[in-house]
Amino acid sequence: MPQPPRPQDDMTRCMEELRAALALHGIALPSLGLDLPTFAGTYAPPAGLVSLGNCNAATARALAAVLRRAAP
């Protein structure tokens, strides 16, 4: 019988999808990762947090530009 997906596996996929989507626009967030302490809590539904981390001003501006272009 297959095991149900673990929240951390789903969050890892989510983080990797975000990393790949950002890379399509030439953006890398070096500190992108999972916020591991959030897996210790009990939340409904169970989930962790993706930590976007820190970035320099050039990366923040590039991200803002991509978001502005994508806005309706």
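Note that the structure is a prediction, hence the values are computed from the model and not measured. (Residues numbered from 1 in each chain as written. Predicted model: local features only at pLDDT ≥ 70, side-chain atom pairs only at ≥ 80, totals over all residues. Heavy atoms only, no water.)

> Outline the overall build of the protein chain, supporting the account with residue identities and numerical values.
Summing up its helical and strand segments, the protein chain has two helices and two strands in all. Start at the N end of the protein chain and walk to the C end: the helices and strands fall as α-β-β-α. The contacts of the protein chain with a sequence gap of at least 6 include a subset with a gap of at least 24, amounting to 43%. Total accessible area on the protein chain stands at roughly 5,500 Å², and carbon and sulfur atoms take up 63% of it. (Helix = DSSP H or I, 4+ residues; strand = E, 2+ residues; numbered from the N terminus. Contact = heavy atoms within 4.5 Å. Areas by Shrake-Rupley, 256 points an atom, 1.4 Å probe, with all protein chains shown as cover.)

> Please give an account of the pattern of salt bridges that cites residues and values.
This model, assessed by the stated rule, comprises two salt bridges. For the salt bridge of Arg-13 with Asp-10, the shortest nitrogen-to-oxygen distance reads 3.9 Å. In this pair, Arg-13 and Asp-10 both sit in helix α1 (residues 7-23), three residues apart, roughly one turn of the helix. (Salt bridge = Lys/Arg side-chain N within 4 Å of Asp/Glu carboxyl O.)

> Describe the nonpolar core, with residues and values.
With six residues, the main nonpolar core is built from Met-15, Leu-22, Ile-27, Leu-29, Leu-32 and Val-66. With residues up to four places along the chain from it excluded, the contact list for Met-15 reads Leu-32, Gly-33, Leu-34 and Val-50. (Core = buried A, V, L, I, M, F, W, Y, C linked by side-chain atoms within 4.5 Å. Buried < 20%, exposed > 50% of the residue type's maximum accessible area, 1.4 Å probe, protein only.)

> I'd like a rundown of helix α2 (residues 57-70), residues and numbers included.
For α2, spanning 14 residues, the distance from its first C-alpha to its last is 20 Å, which sits close to the expected 20 Å at 1.5 Å a residue. Its side-chain oxygen 3.2 Å from the backbone nitrogen of Ala-58, Asn-56 forms the N-cap of α2. (Expected span 1.5 Å × (residues − 1). Polar contact = N/O pair within 3.5 Å; in protein donor to acceptor, adjacent residues only side chain to side chain.)

> Run through the side chain of Thr-59, naming residues and quoting values.
Take Thr-59: it is sitting in helix α2. Beyond its immediate sequence surroundings of up to four residues, Thr-59 is in contact with Ile-27, Ala-28 and Leu-29.

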